[in-house]
Amino acid sequence: MIKEDKYPVEVDLSSCEKEPIHIIGTTQSHGLLIASNVKTGQITQVGENAGAIIGVDSEDLLKLNISEVLSSEVLQKINESLQKDERLEVTETSLNGQNFIIIPHISGDSLVLDIEPVHQKKDTFNFQNELSSLLNTLAASKDAQQLCQDAADLTREIFEYDRVMVYKFDDEWNGKVIAEAKKEDLETFLGLQYPASDIPKQARQLFFKNKVRIISDVNYAPVKITPMLDPSGDPLDISKSKLRGVSPIHIEYLQNMGVGSSLTAALISNGKLWGLLACHHSEAKFINYYQRQTCEFLIQIFSNELSLKSSNKYIQKLEEIEEVANSLMDQVIRQDSIKKGLSQSETNITSLMNASGAAIVLDGKIKLVGDAPTKKEVKSLIKKFLSKKTDKVFQTKNLLKFYPEAKAFTRNGSGILSTRLGNDHKNYIIWFRPEVIQQVSWGGDPNNKAQYDAEKERLTPRKSFEKWTEELSGVSKVWEDYEINGAKKLSENISYIILDNQKRSIDNLNEKLVAAHRELELFSQGLSHDLKAPLRGVDGYAHILKEDHFTNLDKEGRMAVDTILSSVQEMQDLIDNILSFAGVSNKDINKQVVSTDTMVKDIIRSFNIKSNYSNTSVSIDESLPKMMGDKRMLSQVWSNLIANALKYSERASQPSIEISYTLQGNKTVYCIKDNGIGFDPKYSEDIFNLFSRRSGDNYQGTGIGLAIVKKIIEKHNGEIWAESQPGSGSTFYFYV
């Protein structure tokens, strides 16, 4: 593993991809690098070629302040820019009687100067013509491909390199030569592809800091920066330096290609590294700063034109897709069916983009359109792969790379574009593309990326760049950005329809529930009347027997009369509780602040504890917080819970009840604890169900009380739960 702040002594197989080339510690030999403390001006690091470039040895330079090297005029310009936090201006100056160009930048605490010889400059008239030609030629390009070819031709015409290539990256950072201008006797590289490892990630990132990069002599001797570390003990970051040294691996790569010098420029489109303008020459070739500025102007115009042409194409294609999408939506609305609207007309879901087949998945049910994998394969794809994706949209041209089971349907499903409808993993639209068997030509075998050279004790690049062709299967045509965005928009519209359908279903269900509640209320009231009328008759005659004829009855007759009276009372209690339970659902909450302490004490008094439960001790926390809710309903909650605690602890040797509270986050949780019979913890949820009784036949009850309690608490957006063990009492907790 390489630390990012240290350059490795050896660059080997394990470190190539992480080679920290921004702190390489060397420069090219066509100029001199000087670093000084940005505050004091003391020179801290220099290139060892100082004597050859400006006639002052590096050891002597390190003893100087930058003010002793540069003129006061140049320093004043730099300092003014630093104070205003402006971009540092490039300037010319004379050092020991020679003219140099000074290219300054800031790196950490250092002011870094790239010092290059001026060389001959073009006259203003020719320079203006050159720029005008660039503008006119690139602006006149009819499409992106023509633009690339024009850029290659112009670059070769201006800078006279043997070969100029426009090199485009794919989505995996492999590069392909899509335009070329060259000497007639050179073998063409047009159409060849190069693996991503040829230009590793860290090298690609540096192109955003240094858009035009030259290697004036591939066979140069690297110039060491001395001392290697700055005063703080760190290597100098020379990401922005025009003189930054070159990785020995890349140097050998170019030597193996027979390249003597190179120029590489970043081609950026819409803020992304789209490709490179790569220039090769068989001999050493120096392109001075002003020429490089011309190249930078060229790639800026190229990038602008490329972005414009790409945007125009994107807009045109997106409009075409939106037109198809609108037709599909019209069909969906007209047929009042998503599946039929997307699949049963001449314009169907596959018409939206160049897809061989599609799958419409709603509530887990699959409708296939066109040439698509089987329903079983689609179902498995969703369950094992797509449902695990956090992003709603997934696309790939090589599904096999991510999902090995795709091997079974590469013929018609090598590439997929999937959109999830809403947040439910049961609703998808998936487009499929078949494999496109391609003959791909590489600049050398891409599998021979590099090998270890024991003599050099480092990694060496491949030596052969001969055309190497392979057959590529299991890969589909790539999904374009406008297709992905078109799929997103259609999916959003379909999602709105699904939500609207769900809303209508919920509204219809709600109306039915309201009607059912009304019918239930009427039924409950009618049932109450119909049941209570004969009960009153039974109760009346039983009381007559009790009052007028009880003494005339034998023992069994008296027991029968008492049983009738107690059964009538139980039946009346049951009817009243059923009506109470039904009433909770239908009544609105009249919220108000309720004194919990007062309510609980009133309920305790109503039970006449001293007479009815003389052995039971009741402990009430004196600081019970107030409650917000319907007073009558909350009173019923406390009454039912306290009644249960009294009833089920009554037979304990020393029955006791504790009423308290605890704070859980921002919730006040009330507690009613007893030391009664308790219950099996496996019934801790079941006890709140209607007609559920877990106390046995020794205790009277209808099995409705706790169901009413739970209903009231849920109506207050609260929660109730219980903890218990048989024979160890119970504790009920709730909040509202």
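Q: Got a sec to walk through the overall build of the protein? Specific residues and values, please.
A: Scanning the protein for helices and strands turns up 17 helices and 29 strands. Within the span of the protein, comprising 736 residues, buried residues form 45% of the whole. The long-range fraction of contacts in the protein, counting pairs at least 24 apart against all pairs at least 6 apart in sequence, stands at 64%. Accessible surface for the protein amounts to roughly 39,000 Å². Of this, 48% is attributable to carbon and sulfur atoms.

Q: Residue-level account of the packing of helix α16 (residues 631-649) against helix α17 (residues 705-715), with values.
A: Here α16 crosses α17 at 145°, and the two axes come no closer than 9 Å. Where α16 crosses over α17, the handedness of that crossing is left-handed. Two secondary-structure elements touch here, α16 through M633, Q636, V637, N640, L641 and N644 and α17 through G705, L706, I708, V709, I712, I713 and K715. Split by residue class, the contact of α16 with α17 holds 8 nonpolar, 4 polar and 1 charged.

Q: Tell me about the state of the cysteines, and name the residues and values.
A: Covalent bonding between the sulfur atoms of two cysteines defines a disulfide. This model, assessed by the stated rule, comprises 0 disulfides. The thiol sulfur of C295 is not disulfide-bonded, and the nearest other cysteine sulfur, from C279, lies at 6.2 Å. The buried category is assigned to C295, whose relative accessible area is 1%.

Q: Lay out helix α10 (residues 375-384) in plain terms, naming residues and giving numbers.
A: Burial in α10 covers these residues: V378, S380, L381 and I382. Those residues of α10 that are buried are in contact with β14 (357-362), β15 (365-370), β17 (415-420) and β18 (428-433).

Q: So what's going on with the sheet that holds β18? Which residues, and what values?
A: By definition, the strands of a sheet pair up through backbone hydrogen bonds, in either a parallel or an antiparallel sense. Pairing is antiparallel in the open sheet, where 5 strands are placed in the order β15-β14-β18-β17-β16. Every other strand in the sheet has two partners, leaving β15 and β16 (393-396) as the edge strands with one partner each. Within the sheet, the average angular offset between the axes of one strand and its neighbour, ignoring direction, is 10°.

Q: Please give an account of the environment of D234 that cites residues and values.
A: Mapping D234 onto the fold places it in the loop between β11 (223-226) and α7 (248-256). Given the relative accessible area of 33%, D234 is considered partly exposed. The sequence separation of D234 and I23 amounts to 211 residues, and the corresponding C-alpha distance is 9.3 Å.

Q: Go over a negative patch on the surface, please, and point to the residues and values.
A: A cluster of acidic residues, E80, D85, E86 and E89, forms a negative patch on the protein surface. The residue E89 is located in the loop between α3 (72-83) and β4 (91-95) in this model.

Q: Tell me what's going on with the packing of helix α14 (residues 596-606) against α16, and back it up with residues and numbers.
A: One can describe the packing of α14 onto α16 by two numbers: an axis separation of 10 Å at closest approach and a directional angle of 50°. Relative to α16, the element α14 is oriented oblique. Where α14 crosses over α16, the two elements pack in a sense that is right-handed. Packed against α14, whose contacting residues are T596, M599, V600, I603 and I604, the element α16 presents K631, L634, S635, W638, S639 and I642 at the interface. Its residues assigned to classes, the contact of α14 with α16 shows 7 nonpolar, 3 polar and 1 charged.

Q: Any chance you could break down the packing of aromatic side chains for me, citing the residues and the numbers?
A: All chains considered together, the criterion is met by 14 aromatic pairs. Ring geometry for W638 versus F734: centroids 5.3 Å apart, planes at 70°, classification edge-to-face. Taken together, the residues span a long stretch of sequence, with W638 in helix α16 and F734 in strand β29 (residues 730-735) at a distance of 96 residues. Taking the relative accessible area as the measure of exposure, F734 reaches 0% and is therefore buried. Through pairs of rings, three or more aromatic residues link up here, namely Y167, F169, W173 and Y194. The ring of Y161 carries the charged tip of K285 above its face, separated from the ring centre by 5.6 Å. Looking at R433, its charged tip hangs above the ring of W479, at a distance of 3.9 Å from the centre.

Q: Hey, could you go over the sheet that holds strand β6 (residues 110-117) for me, with residue numbers and the actual values?
A: The antiparallel open sheet is built from 7 strands, whose spatial order is β1-β11-β3-β2-β6-β5-β4. Strand pairing shows two members of the sheet lacking a second neighbour, β1 (26-27) and β4, which therefore form its edges. In terms of strand pairing, strand β2 (residues 32-37) meets β6 through 6 bridges, oriented antiparallel. Residue pairing in the sheet places I34 in a bridge with L113 of β6. Lying over the sheet, α3 contacts β4, β5 (98-107) and β6, oriented at roughly 145° with respect to β4. This element, helix α8 (residues 289-335), spans β4, β5 and β6 of the sheet and lies at about 50° to β5.

Q: Let's hear about the pattern of salt bridges: which residues, and what values?
A: Tallied over the full model, the rule gives 13 salt bridges. Taking the shortest distance from any N to any O, the salt bridge between E180 and R163 comes out at 2.7 Å. Separated by 17 residues along the polypeptide, E180 in strand β8 (residues 175-182) and R163 in strand β7 (residues 163-169) bring together distant segments of the chain. Both residues of the pair, E180 and R163, belong to the buried class. In this structure, R605 engages D602 in a salt bridge whose closest nitrogen and oxygen atoms are separated by 2.2 Å. Pair noted here: R605 and D602 are both in helix α14, with a separation of 3 residues, about one helical turn.

Q: Describe the nonpolar core, and please don't skip the residues or the numbers.
A: Counting residues in each nonpolar core, the largest one holds 36 residues, and the members touching the most others are W638, L641, I642, F732 and F734. If you list the elements that add at least two residues to this core, you get α14, α16, β26 (656-664), β27 (667-674), α17, β28 (719-724) and β29. The leading source of residues in this core is α16, at 8 residues. Apart from residues lying up to four places away in sequence, F732 is in contact with L641, Y670, C671, I672, F679, I687, F688, L706, I720, W721 and A722.

Parameters at a glance
Residues numbered from 1 in each chain as written. Predicted model: local features only at pLDDT ≥ 70, side-chain atom pairs only at ≥ 80, totals over all residues. Heavy atoms only, no water. Helix = DSSP H or I, 4+ residues; strand = E, 2+ residues; numbered from the N terminus. Buried < 20%, exposed > 50% of the residue type's maximum accessible area, 1.4 Å probe, protein only. Contact = heavy atoms within 4.5 Å. Areas by Shrake-Rupley, 256 points an atom, 1.4 Å probe, with all protein chains shown as cover. Axes fitted to C-alpha atoms, helices over the stretch in contact; angles between N-to-C directions. Left-handed = near helix turned anticlockwise from the far one by under 90°. Nonpolar A, V, L, I, M, F, W, Y, C, P; charged D, E, K, R; others polar. Disulfide = S-S within 2.5 Å. Pairing = 2+ DSSP bridges. Patch = residues over 30% accessible without salt bridge, like charges linked within 9 Å, V, L, I, M, F, W, Y side chains within 5 Å. Salt bridge = Lys/Arg side-chain N within 4 Å of Asp/Glu carboxyl O. Lys, Arg positive; Asp, Glu negative; His and termini not counted. Charge placed at Lys NZ, Arg CZ, Asp CG, Glu CD. Parallel < 35°, antiparallel > 145°, perpendicular 65-115°, else oblique. Phe/Tyr/Trp six-rings, centres within 6.5 Å; stacked < 30°, edge-to-face > 60°. Lys NZ or Arg CZ within 6 Å of the ring centre and 35° of its normal. Core = buried A, V, L, I, M, F, W, Y, C linked by side-chain atoms within 4.5 Å.

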